[in-house]
Protein chains: 2
Amino acid sequence: MKPYRKNDFPVAEIRRFLEPGPIVLVSSAWRREINIMTMGWHTVMEFTPSLVGCVISGANHSFELIRRSKECVINIPTVELAKAVVGIGNSSGRDTDKFSAFGLTPVPGTKVRAPLIAECYANLECRLVDARLVKTYNFFIFEVVMAHAATTPRYPRTLHYRGDGVFMLSGTSTRRYRRLFRPDML
Amino acid sequence: MKPYRKNDFPVAEIRRFLEPGPIVLVSSAWRREINIMTMGWHTVMEFTPSLVGCVISGANHSFELIRRSKECVINIPTVELAKAVVGIGNSSGRDTDKFSAFGLTPVPGTKVRAPLIAECYANLECRLVDARLVKTYNFFIFEVVMAHAATTPRYPRTLHYRGDGVFMLSGTSTRRYRRLFRPDML
């Protein structure tokens, strides 16, 4: 698929991409290695600083790359990448160059060494800010230090994993209740 | 709306409801008070024990009820409850009985004192197991100790919040890739 055309995006507003709960691709770099993993266990934790918490199992090759480099990029794939998302989750960076195996294009980040994935709708450059829960839960807390996002389509068709090989798709149907919200609750 | 008919559901498999990233309703009880809040910042953290992490801001009336009782129920609403979800997020338990204000039915839990919401598709009874990050991030880690879920419809139409008053809807479209997965990766 073609890369998305992207603009800089305000880091305080990245809940727009993560709070709906899509499966994401996490890219990382350490020394000469780069890798990608599929990740579904993440949550927004704060607007400013822009914090994201996520579980990265120690069984993943990416775990050590991220723990050592203290950086990663969280990339938001859309439905066109569904098979790559599954393939990336099923293979290991120990023996596979995933960018080349899945036809993805690495793009240099502006604030981290980990590469962005051009074919993803949005890219969030992250720095590790709290590793207190890594030992107990493999839970990493990152600050999003730079964000890039496409503007078309307005509502990307993201993949939301239910387990057991089934993804739910988002993006075609919305409900808008802006007028019902207290302004400070938006 | 009518309550969902529910069965007991294995706690190790509740990722099915939470990993796709729906907005949820959190119910709590402390002494004579019960309350409900809307919550969008949550993640699965482990299968067994069944762990869920989430951010509950100290600005919420529910914060103290949950901190003191060390319990809550995470309820999964579907699109029929969209206006209640917004209303619950816009009002405070300090001056509103939200069950009565939004026409919801409290049902006693089996393992916690916090009530289940009958009109939600699934109910996850939770006990607080790690409060280490409450002080820094309002981040609570719960163990799901009992789960109840409807079986119809198979794919519930859940609400996924993007900020700015806009919800994306799930449930009508899926992609199934079970055969592409390594068995241990499902």
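A brief structural summary.

Parameters at a glance
Residues numbered from 1 in each chain as written. Chains lettered and ligands numbered in written order. Predicted model: local features only at pLDDT ≥ 70, side-chain atom pairs only at ≥ 80, totals over all residues. Heavy atoms only, no water. Least-squares fit on C-alpha atoms with pLDDT ≥ 70 in both. Contact = heavy atoms within 4.5 Å. Buried area = accessible area lost by both parts, 1.4 Å probe. Salt bridge = Lys/Arg side-chain N within 4 Å of Asp/Glu carboxyl O. Polar contact = N/O pair within 3.5 Å; in protein donor to acceptor, adjacent residues only side chain to side chain. Nonpolar A, V, L, I, M, F, W, Y, C, P; charged D, E, K, R; others polar. Pairing = 2+ DSSP bridges. Helix = DSSP H or I, 4+ residues; strand = E, 2+ residues; numbered from the N terminus. Axes fitted to C-alpha atoms, helices over the stretch in contact; angles between N-to-C directions. Buried < 20%, exposed > 50% of the residue type's maximum accessible area, 1.4 Å probe, protein only. Phe/Tyr/Trp six-rings, centres within 6.5 Å; stacked < 30°, edge-to-face > 60°. Lys, Arg positive; Asp, Glu negative; His and termini not counted.

### Points about the relation of the copies chain B and chain A
Think of it as a corkscrew move, a rotation about one axis and a shift along it, taking one chain copy to the other. Structural alignment of chain B on chain A gives an RMSD of 0.0 Å, achieved by rotating through 180° and translating 0.0 Å along the axis. The transformation just described matches what one would write down for a two-fold rotation axis. No C-alpha of chain B approaches the rotation axis more nearly than that of Gly21(B), which lies at 1.9 Å. Of the residues that chain B buries at the interface, 100% are likewise interface residues in chain A, meaning the two copies contact each other through the same surface.

### Observations regarding the interface of chain B and chain A
Between chain B and chain A, the residue contacts involve 57 residues of the former and 57 residues of the latter. Approximately 5600 Å² of surface area, both sides summed, lies buried where chain B meets chain A, with 58% of it carried by carbon and sulfur atoms. When the area that chain B buries against chain A is broken down by residue, the three leading residues are Trp41(B), Tyr137(B) and Arg162(B), summing to 15%. Run the count over chain B and chain A and you get two salt bridges. For Arg178(A), the salt bridge identified is with Asp164(B), shortest N-O distance 2.8 Å. Between chain B and chain A we count 18 residue pairs in polar contact (both at pLDDT 80 or more) in total. Grouping the amino acids of the side of chain B that touches chain A by side-chain chemistry returns 27 nonpolar, 15 polar and 15 charged. Of the pairings in the sheet, the one linking strand S13 (residues 174-176) of chain A to strand S12 (residues 166-169) of chain B comprises three bridges and is antiparallel in character. Paired with Arg176(A) across the bridge in S12(B) is Val166(B).

### Things to note about the sheet that holds S13(A)
The strand order across the open sheet formed by three strands is S13(A)-S12(B)-S11(B), and the pairing between neighbours is antiparallel. Among the strands making up the open sheet, the edge pair consists of S13 of chain A together with strand S11 (159-161) of chain B. Put simply, the sheet's adjacent strands are angled 30° from each other on average, direction ignored.

### A closer look at helix H3 (residues 82-90) of chain A
What sets the pattern is the α-helix's 3.6 residues per turn: residues three or four places apart point alike. Residue and element names in this part refer to chain A. For H3, a buried count of seven out of nine residues is recorded, marking the element as mostly surrounded by other parts of the structure. Listed in full, the buried residues belonging to H3 are Ala82, Ala84, Val85, Val86, Gly87, Ile88 and Asn90. Those residues of H3 hidden inside the fold are in contact with strand S2 (24-30), strand S3 (33-39), helix H4 (98-101), strand S11 (159-161) and strand S12 (166-169).

### Focus on the packing of aromatic side chains
In this description, a pair of aromatic rings is defined by centroid distance and the angle of the planes. Counted by the stated rule, this structure contains 21 aromatic pairs over all chains. On the basis of an interplanar angle of 45° and a centroid distance of 4.8 Å, the ring pair of Tyr161(A) and Phe167(A) is categorised as tilted. Accessibility assignment for this pair places Tyr161(A) and Phe167(A) in one class, buried. Plain terms: the ring middles of Phe140(B) and Phe142(B) are 5.9 Å apart, the flat faces sit at 5° to each other, and that makes the pair stacked. Residue class for Phe140(B) comes out buried when judged on its relative accessible area of 0%. Exposure remark for Phe142(B): the relative accessible area of 0% places this residue in the buried category.

### Some details on the pattern of salt bridges
The final tally for this structure, using the stated rule, is 12 salt bridges over all chains. Residue Arg68(B) pairs with Glu64(B) through a salt bridge whose shortest N-O separation is 3.1 Å. Taken together, the positions of Arg68(B) and Glu64(B), both in helix H2 (residues 61-69) and four residues apart, correspond to about one turn of that helix. Here Arg132(B) ties to Asp130(B) by a salt bridge, and the two come within 2.9 Å at their closest N and O atoms. Taking the relative accessible area as the measure of exposure, Asp130(B) reaches 8% and is therefore buried. One continuous salt-bridge network, built from bridges that share partners, spans Glu64(A), Arg67(A) and Arg68(A).

### Section: the environment of Arg182(B)
Note that Arg182(B) resides in the segment after strand S13 (174-176). On the basis of relative accessibility, which here comes to 36%, the residue Arg182(B) falls in the partly exposed class. Excluding residues that lie within four positions of it along the chain, Arg182(B) makes contacts with Asn90(A) and Ser91(A).

### A short note on the sheet that holds S12(A)
A sheet is described by the order of its strands in space; here three strands give the open sequence S11(A)-S12(A)-S13(B), paired in antiparallel fashion. The open sheet has two edge strands with one neighbour each: S11 of chain A together with S13 of chain B. Looking at each pair of strands side by side, their axes are set apart by 30° on average, direction ignored. Examined bridge by bridge, S11(A) and S12(A) share three bridges and lie antiparallel to one another. Within S12(A), the residue paired with His160(A) across the bridge is Met168(A).

### With respect to the side chain of Glu125(B)
All names here are of chain B. Positionally, Glu125 belongs in strand S9 (residues 122-130). Lacking a salt bridge, the buried Glu125 has Arg127 as its closest oppositely charged neighbour, with an N-O distance of 6.9 Å. Engagement of the side chain of Glu125 in a polar contact is seen with the backbone nitrogen of Lys111, the distance being 2.6 Å. Engagement of the side chain of Glu125 in a polar contact is seen with the side chain of His148, the distance being 2.7 Å. If near-sequence neighbours (up to four positions away) are discounted, Glu125 is found in contact with Cys72, Val73, Gly109, Thr110, Lys111, Val112, Leu116, Glu143, Val144, Val145, Met146 and His148.

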